[in-house]
Protein chains: 2
Amino acid sequence: MLLKAENFQRGGAFKFRGAYNKLASLGAAERERGIITASSGNHAAAVALAANLFEARCLILMPDDASAFKVEAVSALGAEISRFDRYSTDREALLADLAASSGRTVVHPFDDELVMAGQGTVALELLEDAGEVDLLLCPVGGGGLIAGCATAIGTSSPTRVVGVEPSAGDDTRRSLALGERVSIPVPRTIADGQQLPTPGRLPFEVIKSRVGEIFTVSDDEIVVAMRYLFEHLQIVAEPSGASALAALLAGRVSTGGGRVGVVISGGNVGAERFCELIGTSS
Amino acid sequence: MLLKAENFQRGGAFKFRGAYNKLASLGAAERERGIITASSGNHAAAVALAANLFEARCLILMPDDASAFKVEAVSALGAEISRFDRYSTDREALLADLAASSGRTVVHPFDDELVMAGQGTVALELLEDAGEVDLLLCPVGGGGLIAGCATAIGTSSPTRVVGVEPSAGDDTRRSLALGERVSIPVPRTIADGQQLPTPGRLPFEVIKSRVGEIFTVSDDEIVVAMRYLFEHLQIVAEPSGASALAALLAGRVSTGGGRVGVVISGGNVGAERFCELIGTSS
């Protein structure tokens, strides 16, 4: 089992890759007008960090129930923050409206080819460091990470790319089964990086053609994986970050004895929240 | 601040270095007769692992109150385990008696030059990876780690090596102040890797000549450092493993603006124990 530990990435999650790639593509005038995004946390921190490095003005829409730990991290990076209700607001519409009225460039968390390409460097690095794998397990939220990784790996490679979603939020699994994007109510799950009602439009096109299967894991199985990473590998993963490993530990995915790569997508979880999760499981 | 993350070492702590070095020095007949040691956990796991690799018979004396997590890890490596009461037993005497009667070679946790030399590779690697540092902070238990590191750095280097002990277990600080080894009652502290009543004989000779100073930290300050490592660096440190960083975060040590190396000596702590510590602090 080869883990790609994106909890050690700048900002504590893979999201910095996509945000940086997007910001790097903007001209001076666009950076001056500023950027805008909406995110529950990791993408927010990544955009704030990239904006800081590129000296771009930055406005971030964060849901009311985003973890205090993540809101604090974003604020510390100097971004302006505006809150919204995750369960009643159409975040895509809100984002589009605010972008149109302010002239800011949207740095979408996943529905953007430059962002997806950035996330794909996760797979490139894993293969560069570890050599070929037979199976690559990726957490799936909006789909940017898995779409980028599947594209980076390419169709000529024997590597099978599969995704993992929380059971309560299996919109991508359902969409893949149906062949078109379906929407579900915003899922209630501890995996806050995967609380999305529908896969992104651009990622879903890639997922349809390049991703074999989507597996699901329960919140309890995610906590088992977080504990495993803590006690056996001494690393901290947030719930979404541990979801792909959870599928493997729960025996959800058959590895066929081959080499398996697993993306640990992020590690931003406060100690109290981690302990709350550990305490309510088992 | 440059951290040497020995929580990622084999066995989850720096101890494997010394144990491996010692085992590598034994002949086939000695390995056949077997080895013996006494340890609260990390040295035990390291010796069990090294014995396993060298196919040596292995008996480990572990205190009754050693964490279940550590006892389990040692047992899983195939070592025989015998328990003793940390607060009423003279472990050095017990160890010597059992070694004499069984013909086993003692792999002492610190009072052995080959073990100390092994631990010293922590400093060698840190300097190799990071270049020179002005200050190196090491946790101090029996003194094997800091003595090995101070020796590896050498007296011609400008690096100042300082040690950190839990306030309740400041036997090395007191010994250094007095110029000779003093014994204290077995200290009660969360830093179970540093619960020793007196510095080792051989390490203390090195500490006297090569270590500038010993600082102390409270149990609460140690928990602050554990939380910092968890939330900001996404790594897991056990209490003793975080003690050197605790001294830095608590402002106990003046860095003089120079480059600082900090040894995170181990990461073996169960999730429940971590949460217990996080819950009772702050």
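Residues numbered from 1 in each chain as written. Chains lettered and ligands numbered in written order. Predicted model: local features only at pLDDT ≥ 70, side-chain atom pairs only at ≥ 80, totals over all residues. Heavy atoms only, no water.

Visitor: Lay out the sheet that holds strand S6 (residues 135–139) of chain A in plain terms, naming residues and giving numbers.
Guide: What holds strands together in a sheet is hydrogen bonding between their backbones, with the strands either parallel or antiparallel. Residues and elements named next belong to chain A. Here we have five strands laid out as an open sheet, ordered S1-S9-S6-S7-S8, and parallel in their pairing. For this open sheet the edge positions go to strand S1 (2–5) and strand S8 (213–217), each flanked by a neighbour on one side alone. Pairs of neighbouring strands in the sheet enclose a mean axial angle of 25°, with direction left out of account. Packed onto the sheet, helix H6 (residues 113–130) meets S1, S6 and strand S9 (260–264) and runs at close to 135° relative to S1. The strands touched by helix H11 (residues 239–249) are S6, strand S7 (160–166), S8 and S9; relative to S9, the strand with the most contacts, the crossing angle is about 155°. (Pairing = 2+ DSSP bridges. Helix = DSSP H or I, 4+ residues; strand = E, 2+ residues; numbered from the N terminus. Axes fitted to C-alpha atoms, helices over the stretch in contact; angles between N-to-C directions. Contact = heavy atoms within 4.5 Å.)

Visitor: Describe unusual backbone geometry, with residues and values.
Guide: The backbone of Glu55(A) shows a phi angle near 55°, a positive value even though the residue is not glycine. Here Glu55(A) lies in the loop between helix H3 (42–54) and strand S3 (58–63).

Visitor: Lay out the packing of H6(A) against helix H7 (residues 144–153) of chain A with the relevant residues and their values.
Guide: All names here are of chain A. Closest axis-to-axis distance for the H6/H7 pair is 7 Å, and the angle between their directions is 55°. In terms of orientation, H6 lies oblique with respect to H7. Judged by the sense of rotation from one axis to the other, the crossing of H6 with H7 is right-handed. Contact residues: H6 offers Met116, Gln119, Gly120, Val122, Ala123, Leu124 and Leu127, while H7 offers Gly144, Leu145, Ala147, Gly148, Cys149, Ala152 and Ile153. Of the residues belonging to the contact of H6 with H7, the class tally is 10 nonpolar, four polar and no charged. (Parallel < 35°, antiparallel > 145°, perpendicular 65-115°, else oblique. Left-handed = near helix turned anticlockwise from the far one by under 90°. Nonpolar A, V, L, I, M, F, W, Y, C, P; charged D, E, K, R; others polar.)

Visitor: Before we move on, can you summarise the nonpolar core with the specific residues and values?
Guide: Within the largest apolar cluster, 66 residues are counted, with the highest numbers of intra-cluster contacts made by Leu137(A), Phe274(A), Leu137(B) and Phe274(B). Residues within four places of Phe274(A) in sequence aside, it is in contact with Met226(A), Phe230(A), Val269(A), Phe230(B), Ala271(B), Phe274(B) and Cys275(B). (Core = buried A, V, L, I, M, F, W, Y, C linked by side-chain atoms within 4.5 Å. Buried < 20%, exposed > 50% of the residue type's maximum accessible area, 1.4 Å probe, protein only.)

Visitor: Which residues make up the relation of the copies chain A and chain B, and what values do they have?
Guide: Rotating chain A by 180° and translating it 0.0 Å along the rotation axis places it on chain B, where the RMSD comes to 0.0 Å. The superposition operator between the copies reduces to a two-fold rotation axis. Residues of chain A ranked by C-alpha distance from the rotation axis are headed by Ile235(A), positioned 2.3 Å from it. Interface residue correspondence from chain A to chain B reaches 100%, placing this contact among same-surface, isologous pairings. (Least-squares fit on C-alpha atoms with pLDDT ≥ 70 in both.)

Visitor: So what's going on with the side chain of Asp170(A)? Residues and values would help.
Guide: Residue and element names in this part refer to chain A. With respect to the element layout, Asp170 can be found in the loop between S7 and helix H8 (171–178). Look at Asp170 and you get buried, because its relative accessible area is 5%. Within the local environment of Asp170, its side chain forms a polar contact with the side chain of Arg174, the two groups lying 2.9 Å apart. Not counting residues within four places of it along the chain, the set of residues in contact with Asp170 comprises Glu165, Ile184 and Thr216. (Polar contact = N/O pair within 3.5 Å; in protein donor to acceptor, adjacent residues only side chain to side chain.)

Visitor: So, helix H8 (residues 171–178) of chain B: which residues are in play, and what are the values?
Guide: Residues and elements named next belong to chain B. The complete set of buried residues in H8 reads Asp171, Thr172, Ser175 and Leu176. Buried positions in H8, seen along its axis, are confined to an arc of 130° and lie on one side of it. Those residues of H8 that are exposed and angled more than 90 degrees off the buried face are Ala177 and Leu178. Considering only its buried residues, H8 is in contact with strand S7 (160–166), helix H9 (201–210) and strand S8 (213–217). Following H8 by one or two positions, Gly179 adopts a phi angle in the positive range, close to 85°. (Arc of directions from axis to C-beta.)

Visitor: So what about the interface of chain A and chain B? Which residues, and what values?
Guide: Taken together, the contact between chain A and chain B spans 20 residues of the former and 20 residues of the latter. The junction of chain A with chain B conceals about 1700 Å² of combined surface from both sides, 64% of it contributed by carbon and sulfur atoms. On the chain A side of the contact with chain B, Phe230(A), Glu231(A) and Gln234(A) bury the most area, a combined 36% of that side's loss. Inspection of the chain A/chain B interface yields two salt bridges. Counting across the chain A and chain B interface gives eight residue pairs in polar contact (both at pLDDT 80 or more). Elements represented by at least two residues in the side of chain A that touches chain B include exactly helix H10 (219–233) and helix H12 (271–280) of chain A. Among the elements that line the side of chain A that touches chain B, the one with the most residues is H12(A), at five residues. For the side of chain A that touches chain B, the class distribution of residues is 11 nonpolar, six polar and three charged. (Buried area = accessible area lost by both parts, 1.4 Å probe. Salt bridge = Lys/Arg side-chain N within 4 Å of Asp/Glu carboxyl O.)

Visitor: So what's going on with the sheet that holds strand S4 (residues 80–84) of chain B? Which residues, and what values?
Guide: All names here are of chain B. The strand order S4-S3-S2-S5 describes an open sheet built from four strands, whose pairing is parallel. Because the sheet does not close on itself, it has two edges, and the strands there are S4 and strand S5 (105–106). Taken together, the two bridges between strand S2 (residues 35–38) and S5 define a ladder with parallel strand orientation. Counted as the bridge partner of Ile35 is Thr105 from S5. The strands touched by helix H5 (residues 91–102) within the sheet are S2, strand S3 (58–63), S4 and S5, with S2 carrying the most contacts at an inclination of about 170°.

Visitor: How would you sum up the confidence of the model for chain A? Please name residues and give values.
Guide: The predicted coordinates should not be examined in detail at positions where pLDDT is low. Mean pLDDT for chain A: 94, with 99% of residues reaching 70 or above. Predicted as a complex, the structure gets a pTM of 0.93 and an ipTM equal to 0.92. (pLDDT = per-residue confidence, 0-100.)

Visitor: Provide a residue-level description of the packing of aromatic side chains, including the pertinent values.
Guide: Summed over the entire model, instances satisfying the criterion amount to 11 aromatic pairs over all chains. Their ring planes at 50° and their centres at 5.5 Å tell us that Phe16(A) and Tyr20(A) sit as a pair that is tilted. A residue pair is termed a helical-turn pair when its members lie 3 or 4 positions apart in one helix, as Phe16(A) and Tyr20(A) do in helix H1 (residues 15–24) at four residues. Using a relative accessible area of 37% as the deciding quantity, one classes Tyr20(A) as partly exposed. Here the aromatic cluster, defined as three or more aromatic residues joined through ring pairs, consists of Phe230(A), Phe274(A), Phe230(B) and Phe274(B). The aromatic ring of Tyr87(B) is capped on one face by Arg188(B), whose charged end is 3.8 Å from the ring centroid. (Phe/Tyr/Trp six-rings, centres within 6.5 Å; stacked < 30°, edge-to-face > 60°. Lys NZ or Arg CZ within 6 Å of the ring centre and 35° of its normal.)

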